[in-house]
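Examining the three-dimensional arrangement
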Amino acid sequence: MKLKQRMVVLCAVLLLLGLAKIFLLDGGEGSAATRRDLRAFRKMEAGLTLSRGARLTHTLQSPWEIASQWVGPREVYPEETPELAAVLSCLSTARIERADVGYKGTQLKALLVLDGGQKVVFKPKRYSRDYVVEGEPYAGYDRHNAEVAAFHLDRILGFRRAPLVVGRYVNVRTEIKPVATDQLLSTFLMQGNNTCFYGKCYYCRESEPACAEGEIMEGSLTLWLPDVWPLQKHRHPWGRTYREGKLARWEYDESYCEAVKKMPPYDAGPRLLDVIDTAIFDYLIGNADRHHYESFQDDGGASMLILLDNAKRQI
């Protein structure tokens, strides 16, 4: 084939590829709508981008004050959050001022106070990334990385109902022990060269501690919600019985959903829709252990279902 013919063929191929791209992106007859969808998607994608090591551009407020001002009845952080990366960076680097046991709940955790007085919940690493938990969906320990993944999924879905979470490495000897309470210190022990602790909780056992690799412990830090927004706990209407052989009503009663729709707070307001959103969220993260949930206190059913305690993710 002569050079001229080759050039004609090449131009034809490029033209076809260009037309194919336009067709695929614009969707033929719905091209205008598809272009709008594409622009909206790229705007959302850009909004999800976080800069590593970002810093606040002003110093009149602490990162904790900024994050506390974001919280509202229907969101933990707003859609437009240019300071989010900087707040997350502070969460992953701020000096630990105090460490105590995390009493609440069934799983091992520690309560830390960061520089500036901000409380956070520290969940230690218990499994390797590829470890598969066998047994019931609620079996095993919490996964610290599940909390991190769930927070970012919350951002992607646009729910904005999960508290801020980061992963963090801490030096147990230099960052935790010097500022730990006697109650927490009493739960530390050594296994070989690894520093471990077992804390205080419903399932906490000295025989089942969380261990660092040497002195370095990996975990997740969840930002404590502001005290001006107290939480109220609710039993999930589609919770499990956690008793072998005993089914919950929703597992055998086909009219159960209609009954729930007549009960407060599901008979009015957004709560039932929030439960549906949360069911989708839990399906995506593989969480089958949401037996209770929290909303803001005395809200009359108007506030959001807050996506707390997402560490039972199985994948």
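This one's a predicted model, so the numbers in the text were calculated from it and none came from an experiment.

1. Considerations on the state of the cysteines
- Enumeration according to the criterion identifies 2 disulfides in this entry.
- The residue that forms a disulfide with C196 is C211, at a sulfur-sulfur distance of 2.0 Å. Across the S-S bond linking C196 and C211, the dihedral sits near 105°, which makes this disulfide right-handed. Separated by 15 residues along the polypeptide, C196 in strand β6 (residues 194-197) and C211 in strand β7 (residues 210-211) bring together distant segments of the chain.
- With its bonded cysteines labelled in order along the sequence, the protein shows the pairing 1-4, 2-3.

2. Here we look at unusual backbone geometry
- That bond from P264 to P265 is cis: its omega, 5°, falls within 30 degrees of zero.
- Within the secondary structure, P265 is located in the loop between α8 (256-260) and α9 (271-285).
- Although it is not a glycine, R160 sits at a positive phi angle of roughly 60°.
- For R160, a relative accessible area of 18% puts it in the buried group.
- Of note in the backbone geometry, D309 takes a positive phi value of approximately 55° without being a glycine.
- With respect to the helices and strands, the residue D309 is situated in the segment after β10 (292-296).
- With a relative accessible area of 52%, D309 lands in the exposed category.

3. Observations concerning the UniProt feature "binding site: ATP" (unreviewed entry) in the protein
- The sites that UniProt annotates as "binding site: ATP" (unreviewed entry) are Q107, K123, T222, L223, W224, L225, E294 and D309. Of the annotated positions named here, the second largest cavity is lined by Q107 and K123.
- Structurally, L225 is set in the loop between β8 (216-223) and β9 (231-235).
- If we ignore the near neighbours within four places in the chain, the residues touching L225 are V71, V76, P163, L231, F296 and I306.
- Within the element layout of this structure, E294 appears in strand β10.
- Apart from the residues lying within four places of it in its own chain, the contact partners of E294 are L231, Q232, K233, H234, M304, L305, I306 and L308.

What counts, and at which threshold
Residues numbered from 1 in each chain as written. Predicted model: local features only at pLDDT ≥ 70, side-chain atom pairs only at ≥ 80, totals over all residues. Heavy atoms only, no water. Disulfide = S-S within 2.5 Å. Helix = DSSP H or I, 4+ residues; strand = E, 2+ residues; numbered from the N terminus. Buried < 20%, exposed > 50% of the residue type's maximum accessible area, 1.4 Å probe, protein only. UniProt positions renumbered as here; feature names shortened; annotations may be inferred. 1 Å grid on protein atoms, 1.4 Å probe; cavity = no way out; pocket = protein on both sides within 12 Å on 5 of 7 lines; lining within 4 Å. Contact = heavy atoms within 4.5 Å.

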